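Each chain is listed here by its residues.
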Amino acid sequence: MTGEKPKSLRTHLPVVYPALMLCIFFIIPFGLMVAVSFFHREPGGFYIPGFEFTNYRNLYTALFGRTLLFSLYIAGLSAAVCVSIGFPFTYFITRMRRRAQVVWLVFLMSVLSLSEVIVGFAWSLLLSRTAGLSNLLVWFGLMDKPVAWYPGFTALLFGICYIAFPYTVLVLYPSLSRLDPALPEAAQTLGATPIKTFFTVIVGSLRNAIVASFVMVFVFTLGVYLLPQILGRPRHWTLSVLITDQAIYQTNMPMAASMAIFFMFVSLMLVLLTMVIGKGKQAKSA
Amino acid sequence: MADLTLEDIHKKFGSVIAAQDVNLDLPDGQFVCFLGPSGCGKTTLLRLIAGLENPTRGRILLGGQNITRTPAHKRNFGMVFQSLALFPHLTVGENVAYSLRVRHADKAAQHKRAAELLDLVQLSGFMDRHIAQLSGGQRQRVAIARALAIEPQLFLLDEPLSALDAKLRESMQLELRELQQRLGVTTILVTHDQREAMTMSDLVVVMGPDNRVHQVDSPLEIYRNPADTFVADFIGSSNLLEGSYSGSGEITIGEKRLVLEELPENLSSGTPVTVSVRPEDILVLPGAEEGNNRLHGTVAFVRDVGSSVEIYLNCNGVQIISQSTPKSRPEVRQGDKATAILPAAACVVLKS
């Protein structure tokens, strides 16, 4: 202990406002959702307060299981794609001159200002058969006839990665720009080729940042619900789409709430697991 | 066998000159110091030798072989960086064995070599420690061990001791010198600390703020016979007196005459010169004594720090500093008239 005097109310005053906002806009709505997930659904009506596990029992269906797995799969895959492209990309940005770095970062930020809807429809056009990129490849003589890459899994993966990529770079940028430039130089004087230096020293010493950005993109992409509907077929719909469907079109709030909470629980477990594995690896190499 | 030669090296970063007209011949097995103020290009020169930068012009030869365009990872030099650049995600042993790991040595050989080197730098038993658990001096030793793991042809050090406190720095200097002599590896150390350079090196390369090499010589020779005013001023403290050559081995300073033993050739009468005299060579006597090589003045200040006494004399506007031991301390006080004797052998004439 530092032996400080107990703080008076005045010293706590500055945190009252954020604490209040957190309470009003996060904790109370979340509590409401937890409560609703145990309420009884009135078919044709809304719901009546109660305490039953019916909603959670109803989750045990093939559709829910398949969608849950697909959601986790596409989130994990897009996180892997984003980090494996974003990490070398961010590394090259941080080695540029200051001015060039700023230009790149501003460009990435401006991508963030596009709404998910615009990005979704833009990609649906770009990947379509009639007006898409495949026409360009036909024109160059690389393909025989234009094909439709949309709607489908590829289109969905493209869309999600496009949205998540700027976040990946922004999360990786601080730790990569703080990397001591002497570290890769030292590796080179010790006989490591540039490729070997990249994997043994740069990736190695920034493992925590890589795990953090992977988790961030994973959690972020779990929440997309517009893109699967625009770019995917119904079998590419994620759990977020299913929850929206239950809540808005089926007016089954208790079911939607239980889905959301179960989904959150599973993803939280996965995130914790990832972090434990990341830590464990580090402890082993220590 | 592996003499290092720099031929006509120039290095520019954009329009900024980092090093120019560098011609050096560094013999095998010597401890060389690149000494100079910050921004003089000494680190750039070391990075050029390590292969981390490419010279704008000139050649680098090692044992007669041109290595100017050889990439850093093929040069087999060991380098200790100013920030040490230890790999934070690896253990002490893994750091030391890194150069063997990238050369695909087997695990047992890596472990054996790492243990040998940790013994060499007196860190036995630190093999499995984490870098974050070490003190500054211990990290220093790990960085040195790592650079020596492949028995490099050249051992390069970029101000590695500057982050240590004064006591530790002095003992590391001696240790490093002893290690170099034991291994016989050609070593280049970059420093801005002239005491450090004098302690360790066989050969000192003095670089100036104009990014050129001013003098290459043994430490004592540089101290005794500085090549120019910059070197005289930078290496230790020196009294620099402006005067002019008056012919027949004499130099006039104000109204006084200095008779010198050695003079540069081709000096014509009336040429302005600078004379450098080290403070410890100047003798101070009370009162005004006439004769050659004697300057008269008043004592402006006496700095007595116990181990040495410095006397500041004001001789008609020229400040002369004399240093003596407490035993041979002249009997003068502040405000007294005194005479400074500048022995002929101690006066060095410099190019102005």
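The preceding data block contains the structure.
Visitor: Which parts of the structure should I look at to understand the pairing of strand β2 (residues 16–26) of chain B?
Guide: Moving residue by residue along a regular strand, the side chains alternate between the two faces of the sheet. All names here are of chain B. Relative to β2, strand β1 (residues 4–13) runs antiparallel, the two sharing 7 bridges. Looking across to β2, one finds that K11 is bridged to A19. Here β1 hands over to β2 after 2 residues, with G14 in that stretch at a positive phi of 65 degrees.

Visitor: Explain the packing of helix α3 (residues 62–94) of chain A against helix α7 (residues 153–177) of chain A here, please?
Guide: The relative placement of two packed helices is expressed as an angle between their axes plus a distance between the axes. All names here are of chain A. For the pair α3 and α7, the least separation of the axes is 6 Å and the interaxial angle reads 45 degrees. On the basis of their axis angle, the class for α3 and α7 is oblique. Read as a crossing pair, α3 and α7 show a hand that is right-handed. The class makeup of the residues in the contact of α3 with α7 is 23 nonpolar, 6 polar and no charged.

Visitor: Sorry if this is basic, but what is going on with the side chain of S99(B) here?
Guide: Mapping S99(B) onto the fold places it in helix α3 (residues 98–101). Those residues in contact with S99(B) that lie beyond four places of it in its chain are L190(A), R146(B), A149(B) and I150(B).

Visitor: What should I look at first to understand the interface of chain B and chain A in this one?
Guide: It is common to give the size of an interface as the accessible area lost on bringing the parts into contact. Taken together, the 25 residues of chain B in the interface contact 21 residues of chain A. Approximately 2000 Å² of surface area, both sides summed, lies buried where chain B meets chain A, with 63% of it carried by carbon and sulfur atoms. Among the residues of chain B in contact with chain A, H73(B), H89(B) and Y98(B) are the three that bury the most area, contributing 31% of the side total. Taken together, the connections running from chain B to chain A amount to 1 salt bridge. The partner of R47(B) in a salt bridge is E185(A), with the nearest N and O atoms 2.6 Å apart.

Visitor: Even after reading the chapter, I still don't get the packing of α3(A) against helix α4 (residues 98–112) of chain A, so can you show me in this structure?
Guide: Residues and elements named next belong to chain A. In the contact formed by α3 and α4, the axes pass within 9 Å of each other and the chain directions differ by 140 degrees. Regarding the angle of α3 to α4, the classification is oblique. Taken together, the residues of α4 that come into contact with α3 (itself represented by F89, I93 and T94) are Q101, W104 and L108. For the contact of α3 with α4, a count of residues per class yields 4 nonpolar, 2 polar and no charged.

Visitor: Hey, could you run me through unusual backbone geometry in this one?
Guide: A negative phi angle is the norm for most residues apart from glycine, just as the trans form is the norm for most peptide bonds. All names here are of chain B. Phi angles above zero are rare outside glycine, and N76 is one such case at about 55 degrees. By the element assignment, N76 lies in the loop between β5 (65–66) and β6 (77–80). In this structure, N211 is a non-glycine residue whose phi angle is positive, near 65 degrees. Checked against the element boundaries, N211 lands in the loop between β9 (203–207) and β10 (213–217). Take N211: its relative accessible area is 9%, and that puts it in the buried class.

Visitor: Sorry, what's going on with the environment of V142(B) here?
Guide: Residue and element names in this part refer to chain B. On the secondary structure map, V142 appears in helix α5 (residues 136–148). Using a relative accessible area of 0% as the deciding quantity, one classes V142 as buried. Aside from chain neighbours lying at most four places away, what touches V142 is L86, V92, N95, V96, L123 and L134.

Visitor: Explain the sheet that holds strand β12 (residues 250–253) of chain B to me, please; I cannot follow it from the model alone.
Guide: All names here are of chain B. In space, the 5 strands of this open sheet follow the order β13-β12-β11-β14-β20, with antiparallel pairing throughout. Looking at the sheet topology across the chains shown, the edges are occupied by β13 (256–259) and β20 (348–350). Here the strands of the sheet are splayed against their neighbours by 45 degrees on average, with no regard to which way each runs. Here strand β11 (residues 239–245) runs beside strand β14 (residues 272–277); their pairing, made up of 6 bridges, is antiparallel. Bridge assignment links L240 to a residue of β14, and that residue is S276.

Visitor: Could you clarify how one ought to interpret the pattern of salt bridges in this entry?
Guide: Close approach of charged atoms allows side chains with opposite charge to pair. Residues and elements named next belong to chain B. For the structure shown, the criterion picks out 18 salt bridges over all chains. One salt bridge connects D8 with R57, and the closest N-O pair in it is separated by 3.4 Å. Of this pair, D8 sits in strand β1 while R57 sits in strand β4 (residues 57–62); the two residues are 49 residues apart in sequence, bridging distant segments of the chain. Residue classification places R57 among the partly exposed residues on the basis of a relative accessible area of 44%.

Visitor: Quick question: what am I supposed to make of the sheet that holds β6(B) here?
Guide: Strands belonging to one sheet form pairs held by backbone hydrogen bonds; the direction of such a pair is parallel or antiparallel. Residues and elements named next belong to chain B. With mixed pairing, the 6 strands of this open sheet are ordered in space as β6-β7-β8-β3-β9-β10. The strands lining the two open edges of the sheet, one partner per strand, are β6 and β10. Pairs of neighbouring strands in the sheet enclose a mean axial angle of 15 degrees, with direction left out of account. Note that strand β7 (residues 154–158) and strand β8 (residues 186–191) share 5 bridges and pair parallel. For D158, the partnering residue across the bridge sits in β8 and is V190. Together, β3 (31–35), β6, β7, β8 and β9 form the strand contacts of helix α1 (residues 42–50), whose direction differs from that of β7 by roughly 150 degrees. Contacts from helix α6 (residues 166–183) reach β3, β7 and β8 within the one sheet, and its direction differs from that of β3 by about 140 degrees.

Cut-offs applied
Residues numbered from 1 in each chain as written. Chains lettered and ligands numbered in written order. Predicted model: local features only at pLDDT ≥ 70, side-chain atom pairs only at ≥ 80, totals over all residues. Heavy atoms only, no water. Pairing = 2+ DSSP bridges. Helix = DSSP H or I, 4+ residues; strand = E, 2+ residues; numbered from the N terminus. Axes fitted to C-alpha atoms, helices over the stretch in contact; angles between N-to-C directions. Parallel < 35°, antiparallel > 145°, perpendicular 65-115°, else oblique. Left-handed = near helix turned anticlockwise from the far one by under 90°. Nonpolar A, V, L, I, M, F, W, Y, C, P; charged D, E, K, R; others polar. Contact = heavy atoms within 4.5 Å. Buried area = accessible area lost by both parts, 1.4 Å probe. Salt bridge = Lys/Arg side-chain N within 4 Å of Asp/Glu carboxyl O. Buried < 20%, exposed > 50% of the residue type's maximum accessible area, 1.4 Å probe, protein only.

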